[in-house]
Amino acid sequence: MYLPTIGLEIHVELSTKTKMFCRCKNALEETKPNVNVCPICLAHPGALPVANRAAIESVIRLGYALHGKIAEHSHFDRKSYFYPDLPKGYQISQYEAPLVSGGMLKDVRITRVHLEEDTAKLAHVNGDTLVDYNRAGVPLMELVTDPDIKNAEEATAFAKELQLILRYLGISDADMEKGQMRVEANISLRENTEHMRNERGTDAEKPVLGTKVEVKNLNSFRAVHDAIKYELERQEKLLGEGEAVIQETRGWDDKKGVTKSQRSKESAHDYRYFPEPDLPEMDLLKLDLPALKASVPELPEEKRSRLVSSYGISREDAEVLITDKPLADYFEASVSELKEYEPKADTQTLYNYLTSDMQGIIKEKGISISDVKILPAHLARLVAFITQGKLSSRLAKDMLPEMLKTGIDPEELMKDSGVAIISDEGKLLKIVQEVIEKNPKVVEDYKKGKGNALQFLIGQGMAKTRGQADPEKLQELLKKELN
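Please read all numbers here as calculations on a predicted model, not as lab measurements.

Novice: Any chance you could break down the overall build of the protein for me, citing the residues and the numbers?
Specialist: Helix and strand counts for the protein come out as 16 helices and 17 strands. Across its three principal axes, the protein shows a C-alpha extent of roughly 90 × 60 × 55 Å. Here the protein holds 483 residues, and the buried ones make up 49% of them. Taking the contacts inside the protein whose residues are at least 6 apart along the sequence as the reference set, 69% of them involve residues at least 24 apart. Carbon and sulfur atoms form 50% of the exposed surface of the protein, whose accessible area is close to 24900 Å². For the protein, the centre of its 68 positive side-chain charges and the centre of its 79 negative side-chain charges are spaced 3 Å apart.

The structure is reproduced here in structure tokens:
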């Protein structure tokens, strides 16, 4: 039996205004090739780099969020890396002195977090290879984990949580579809020696790790999961047949669902690292580290726990909000207003309207929660009116599209459209009698004990009043007339 050993290397493009070592615009959305370039990022002779302070501070803030150790002194290194997408013929990275060491996320230890520069983009057109240098020199953060991960599910959960933290910190959108966050997995299998300990009654030697395979091109969470799962199965099959696993770099073929060999895996000495002579050593103590630490906001896990304890929603409901920070902020602002309008109102009702009805309309229109015209106070008032009996749930749902379109206050909309709950017993009695008269078979079913028959009759009454009937009084009158 074999035990998996998995570590991740995650690259993230940072959302700074300029590139890592020059003043060129960091515009990842730019589609016209080779417009955000200069002698520095094109590696012209004599052009000297200057480190981007904002990028350095972004990585330090992430280090605090992960409870890592911030280096007091650090420097950049040259990494020999000869590929057509690196104009200098080497990459400025960090090896000996990363900005952050240690830390923890989802019970996975962080080895290091460091900065480097991104490569250019290659395009293969009609047999030619074209190079777009817009991305060359973009600040690229690399996070490396210890090999603590045991399966594909843990790896995917780690990557998802890191993406959320990056977004909460505001240092990257980390959009995997756009290449802003790229995951590589180092995967190996080793023999399970636990049974040896039990049989001998003594401690076995420290287990020897298996041969490591690096899998690249993981640009979605599904790819992270499926590639790791496939690679573990591939290696286990090889070992089971008595064959050796080769140390190599493999790519993930998303369409075929397999990993493919790309090249033999380099080791650190192959890159021939040495301190970057064109950049001075960094004294990080000169930065305002206490201010950077204080700037770390409430992080996803803290927010999950607080949403559950403060608002009484389930952890699953909290997860929906956590994954969309603007939505979570809108929810909290709405709840705050709701408690002022109607202290007895149910927070869960507001959550349901926001994440179901309102979000449904938002998705249909292709906009985000940040674009909606409905103020948190307006949604709160709508839910308060339901609690107070001024609106039925049906009426409230019908009003949402108009509120979203105009941004009108629900009270004003009710006045303008003449919407109000019908609670007058005389008016409701006439409607009840009409419903009973027109549905004799359903009435008969009700008298035979079929429970859903009453709900059908209530629905008919609500339809006749266009959702304006008081549902509780309508049900009460129906039962009186039927019994």
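Back to the text.
Novice: Requested: an account of the side chain of glutamate 332, with residues and values cited.
Specialist: Position of glutamate 332 relative to the elements: it lies in helix 8 (residues 325-341). Using a relative accessible area of 15% as the deciding quantity, one classes glutamate 332 as buried. In contact with glutamate 332, other than residues within four places in its own chain, are Lys303, Arg306, Leu307 and Tyr311.

Novice: So what's going on with the packing of aromatic side chains? Which residues, and what values?
Specialist: According to the stated counting rule, one finds eight aromatic pairs in the structure shown. Considering the side-chain rings of tyrosine 81 and tyrosine 83, the 4.9 Å spacing of their centres and the 50° angle between planes classify their relative orientation as tilted. Given the relative accessible area of 16%, tyrosine 81 is considered buried. Note on tyrosine 83: relative accessible area 31%, which makes it partly exposed. Ring centres of tyrosine 271 and tyrosine 273 lie 6.0 Å apart, and the angle between their planes is 70°; this geometry places the pair in the edge-to-face category. Tyrosine 271 gets classed as buried once you look at its relative accessible area, which sits at 11%. With relative accessibility at 21%, the residue tyrosine 273 sits in the partly exposed group. Members of the aromatic cluster, connected to one another through ring pairs, are Tyr81, Tyr83, Tyr95, Tyr271 and Tyr273. Above the face of the tyrosine 90 ring, lysine 88 is positioned so that its terminal group lies 5.6 Å from the ring centre.

Novice: Residue-level account of the nonpolar core, with values.
Specialist: The biggest cluster of nonpolar side chains holds 66 residues, and the ones touching the most others in it are Leu8, Leu62, Met181 and Ile228. Ranked by the residues each element gives to this core, the list is headed by helix 2 (residues 152-169), at eight residues. Aside from chain neighbours lying at most four places away, what touches isoleucine 228 is Ile6, Leu8, Asn151, Ala152, Ala155, Ala185 and Ile187. Counting residues in each nonpolar core, the second largest holds 41 residues, with Ile322, Tyr330, Met399 and Met403 among its members.

Novice: Run through the sheet that holds strand 5 (residues 90-93), naming residues and quoting values.
Specialist: The three strands are arranged 5-4-16 in an open sheet whose pairing can be described as antiparallel. The outermost strands of the open sheet, each flanked by one partner alone, are strand 5 and strand 16 (274-275). When strand 4 (residues 77-80) meets strand 5, the two strands line up antiparallel, connected through four bridges. What sits directly across from lysine 79, in strand 5, is glutamine 91.

Novice: Mind laying out the pattern of salt bridges, listing which residues take part and the relevant values?
Specialist: Enumeration over the complete set of coordinates arrives at 34 salt bridges. For the salt bridge of aspartate 329 with lysine 303, the shortest nitrogen-to-oxygen distance reads 3.8 Å. With aspartate 329 in helix 8 and lysine 303 in helix 6 (residues 300-311), this residue pair connects regions lying 26 residues apart in the sequence. Aspartate 329 gets classed as partly exposed once you look at its relative accessible area, which sits at 35%. Salt-bridge contacts for arginine 394 lead to aspartate 398; the nearest nitrogen and oxygen are separated by 2.9 Å. Taken as a pair, arginine 394 and aspartate 398 lie in helix 11 (residues 393-406) at a separation of four residues, close to a single helical turn. Relative accessible area serves as the criterion here: at 41%, arginine 394 is assigned to the partly exposed category. Three or more residues joined by partner-sharing salt bridges are found here, namely Glu298, Lys303, Arg306, Lys325, Asp329 and Glu332.

Novice: So what's going on with unusual backbone geometry? Which residues, and what values?
Specialist: Apart from glycine, the bulk of residues carry a negative phi angle, and the bulk of peptide bonds sit in the trans form. Positive phi values are uncommon outside glycine, yet aspartate 107 reaches one of about 65°. By the element assignment, aspartate 107 lies in the loop between strand 7 (104-105) and strand 8 (108-117). In the Ramachandran plot, arginine 272 falls in the positive-phi region, its phi being about 50° despite a non-glycine side chain. Its place among the elements puts arginine 272 in the loop between strand 15 (258-264) and strand 16. On the accessibility criterion, arginine 272 (46% relative accessible area) is partly exposed.

Novice: Break down the environment of threonine 16 for me, citing the residues and quoting the values.
Specialist: Examined against the element boundaries, threonine 16 turns out to sit in the loop between strand 1 (2-13) and helix 1 (53-65). Classification of threonine 16 by relative accessible area gives buried; the value is 8%. Expressed as a C-alpha distance, the spacing of threonine 16 and asparagine 26, which sit ten residues apart in the sequence, is 6.5 Å.

Novice: How would you explain the packing of helix 6 against helix 7 (residues 315-322) if you had to name every residue and give the values?
Specialist: As a packed pair, helix 6 and helix 7 sit with axes 9 Å apart at the nearest point and diverge in direction by 135°. One element, helix 6, and the other, helix 7, form an angle in the oblique class. The element helix 6 and its partner helix 7 pack so that their crossing is right-handed. Facing Pro300, Glu301, Lys303, Arg304, Ser305, Leu307 and Val308 of helix 6, the residues of helix 7 in contact are Arg315, Ala318, Glu319, Leu321 and Ile322. Grouping the constituent residues of the contact of helix 6 with helix 7 by class yields six nonpolar, one polar and five charged.

Novice: Can you break down helix 7 residue by residue, with the values?
Specialist: Within the sequence span of helix 7, burial applies to Asp317, Ala318, Leu321 and Ile322. Looking down the long axis of helix 7, one finds its buried residues gathered within 145° of arc, a one-sided arrangement. Lining the buried residues of helix 7 we find helix 2, helix 6, helix 8 and helix 9 (347-365).

Conventions we followed
- Residues numbered from 1 in each chain as written.
- Predicted model: local features only at pLDDT ≥ 70, side-chain atom pairs only at ≥ 80, totals over all residues.
- Heavy atoms only, no water.
- Helix = DSSP H or I, 4+ residues; strand = E, 2+ residues; numbered from the N terminus.
- Buried < 20%, exposed > 50% of the residue type's maximum accessible area, 1.4 Å probe, protein only.
- Contact = heavy atoms within 4.5 Å.
- Areas by Shrake-Rupley, 256 points an atom, 1.4 Å probe, with all protein chains shown as cover.
- Lys, Arg positive; Asp, Glu negative; His and termini not counted.
- Charge placed at Lys NZ, Arg CZ, Asp CG, Glu CD.
- Phe/Tyr/Trp six-rings, centres within 6.5 Å; stacked < 30°, edge-to-face > 60°.
- Lys NZ or Arg CZ within 6 Å of the ring centre and 35° of its normal.
- Core = buried A, V, L, I, M, F, W, Y, C linked by side-chain atoms within 4.5 Å.
- Pairing = 2+ DSSP bridges.
- Salt bridge = Lys/Arg side-chain N within 4 Å of Asp/Glu carboxyl O.
- Axes fitted to C-alpha atoms, helices over the stretch in contact; angles between N-to-C directions.
- Parallel < 35°, antiparallel > 145°, perpendicular 65-115°, else oblique.
- Left-handed = near helix turned anticlockwise from the far one by under 90°.
- Nonpolar A, V, L, I, M, F, W, Y, C, P; charged D, E, K, R; others polar.
- Arc of directions from axis to C-beta.

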